[in-house]
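Descriptive analysis of the structure
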Amino acid sequence: QAASLLMRWFESLASTGKTRIRAASVLLILTIAILDSRFEISLGALYIVPMIVAAAVLSPLEITFMAFGCAILRGFFDSYVISIPDHILRFIFAAIAYNTTGLYITMLVRSRQQAVAHAKEIALEQTLRSTAEDQLQTLVESSPAAILTLDHAGSVIAANRAAAEILDVEESNRLLGQSIRDYLPLLYDALKFDAGKELFRTAAQCQGRRRNGEPFLAQTWFSTYAAPNGRYLAAIVVDASEEMRN
């Protein structure tokens, strides 16, 4: 939870603008340098604060330059009388510490931003997919032609309202799970036709039967497609009995 709050703080900090954050970082560095020059106790550890603040917007190269600058200021105002090798060693350790802290914060901020952007992309894709599915469902349900989808066994797995009306079924849901062989044997035979691995699409006229046994002339357009457990079939069916009589 603390990490999440810290990331939100960095996001809000980054949203204030690069110029303001850079100015605030420079002001912090100058303030720490002035305080460090007036106290006998070294305040070099405080340079971590502007590094953390600036890491929200700076590039890795800029962070490295800033870390070296802070390390130089820390060594310049170091009140301890030490040898040159000790000065160099302290400078190296300070530069590494500042740079590592800044780069680590930058990595966290970038990872958070990428995760948020990825989550937004997924949410947008889901919204678009849901909208497309709703539009497709509306189109299918409003179609005057019967639209059917059959599984590898010839059972109905999807049907619209027109399919229920043509086949004299009260609701389209009652067609689900029923064998199409009882209504349109041609579609059942097409699924059982051994065409090897090839899929096919065609149109045909055939005789169908309604639920009450009444025959009718059906104009069909259907195609097969591959599914994980076999070959499925999608069909559009129109009752052509009236046209034939005319």
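Here we summarise the structure given alongside this text. Owing to the predicted nature of the structure, the values given are computational and were not obtained by experimental measurement.

Let's talk about the sheet that holds strand S5 (residues 230-239)
Pairing is antiparallel across the open sheet formed by five strands, whose spatial order is S2-S1-S5-S4-S3. Of all strands in the sheet, those bounded by a partner on one side alone are strand S2 (156-159) and strand S3 (201-209). Going across the sheet, the axis of each strand differs from the next one's by a mean of 30 degrees, ignoring polarity. Sheet strands in contact with helix H7 (residues 185-192) are strand S1 (146-150), S3, strand S4 (215-227) and S5, and its direction is about 155 degrees off that of S5.

Regarding the layout of surface pockets
One number sums up the size of the largest pocket: a volume of about 170 Å³. For the lining of the largest pocket, the secondary-structure elements that each account for two or more residues are helix H5 (84-142), S1 and S2. No other element matches the five residues that H5 contributes to the lining of the largest pocket. Residue composition of the lining of the largest pocket, grouped by class: six nonpolar, three polar and two charged.

Brief notes about the pattern of salt bridges
Scanning the entire structure with this criterion turns up three salt bridges. The closest approach of N and O atoms between Glu 214 and Arg 210, which form a salt bridge, is 3.6 Å. A relative accessible area of 14% places Arg 210 in the buried class. A salt bridge links Asp 239 to Arg 210; its shortest N-O distance comes to 2.9 Å. You can see Asp 239 sitting in strand S5 and its partner Arg 210 sitting in the loop between S3 and S4, a full 29 residues away along the chain. Sharing partners across several salt bridges, the network here consists of Arg 210, Glu 214 and Asp 239.

Topic: the side chain of Gln 219
Relative to the helices and strands, Gln 219 resides in strand S4. Take Gln 219: its relative accessible area is 18%, and that puts it in the buried class. For Gln 219, the side chain forms a polar contact with the side chain of Gln 205, separated by 3.0 Å.

What to know about the packing of aromatic side chains
A full pass over the atoms with the stated rule returns three aromatic pairs. Judged by centre distance (5.9 Å) and plane angle (65 degrees), the ring pair of Tyr 225 and Tyr 232 falls under edge-to-face. Residue Tyr 225 is classed as partly exposed on the basis of its relative accessible area of 32%.

Some remarks on a nonpolar patch on the surface
Taken together, Ile 84, Ile 88, Leu 89, Ile 92, Phe 93 and Ile 96 make up a surface patch of nonpolar side chains, about 600 Å² in accessible area. By the element assignment, Ile 96 lies in helix H5.

Focus on the pairing of S3
In terms of strand pairing, S3 meets S4 through nine bridges, oriented antiparallel. Across the sheet, Ala 204 pairs through a bridge with Thr 220, a residue of S4. Here S3 folds back onto S4 in antiparallel fashion, the turn holding five residues, of which Gly 213 has a positive phi close to 90 degrees.

Comments concerning the nonpolar core
Ranked by size, the top nonpolar core spans 25 residues in total, and within it Leu 148, Leu 175, Ile 180, Leu 184, Leu 187, Leu 233 and Val 237 carry the most contacts. At the level of secondary structure, the elements contributing two or more residues to this core comprise S1, S2, helix H6 (161-166), H7, S4 and S5. Among the elements that line this core, the one with the most residues is H7, at four residues. For Leu 148, the residues in contact, after removing those within four places along its chain, are Val 156, Ala 158, Ala 159, Ala 163, Ile 180, Leu 184, Leu 233, Ala 234, Ala 235 and Val 237. Core analysis: the second largest hydrophobic core is formed by 22 residues, Ile 21, Ala 55, Val 57 and Ala 67 among them.

Reading guide: rules and limits
Residues numbered from 1 in each chain as written. Predicted model: local features only at pLDDT ≥ 70, side-chain atom pairs only at ≥ 80, totals over all residues. Heavy atoms only, no water. Pairing = 2+ DSSP bridges. Helix = DSSP H or I, 4+ residues; strand = E, 2+ residues; numbered from the N terminus. Axes fitted to C-alpha atoms, helices over the stretch in contact; angles between N-to-C directions. Contact = heavy atoms within 4.5 Å. 1 Å grid on protein atoms, 1.4 Å probe; cavity = no way out; pocket = protein on both sides within 12 Å on 5 of 7 lines; lining within 4 Å. Points joined across faces, edges and corners; volume = space filled by probe spheres on them. Nonpolar A, V, L, I, M, F, W, Y, C, P; charged D, E, K, R; others polar. Salt bridge = Lys/Arg side-chain N within 4 Å of Asp/Glu carboxyl O. Buried < 20%, exposed > 50% of the residue type's maximum accessible area, 1.4 Å probe, protein only. Polar contact = N/O pair within 3.5 Å; in protein donor to acceptor, adjacent residues only side chain to side chain. Phe/Tyr/Trp six-rings, centres within 6.5 Å; stacked < 30°, edge-to-face > 60°. Patch = residues over 30% accessible without salt bridge, like charges linked within 9 Å, V, L, I, M, F, W, Y side chains within 5 Å. Areas by Shrake-Rupley, 256 points an atom, 1.4 Å probe, with all protein chains shown as cover. Core = buried A, V, L, I, M, F, W, Y, C linked by side-chain atoms within 4.5 Å.

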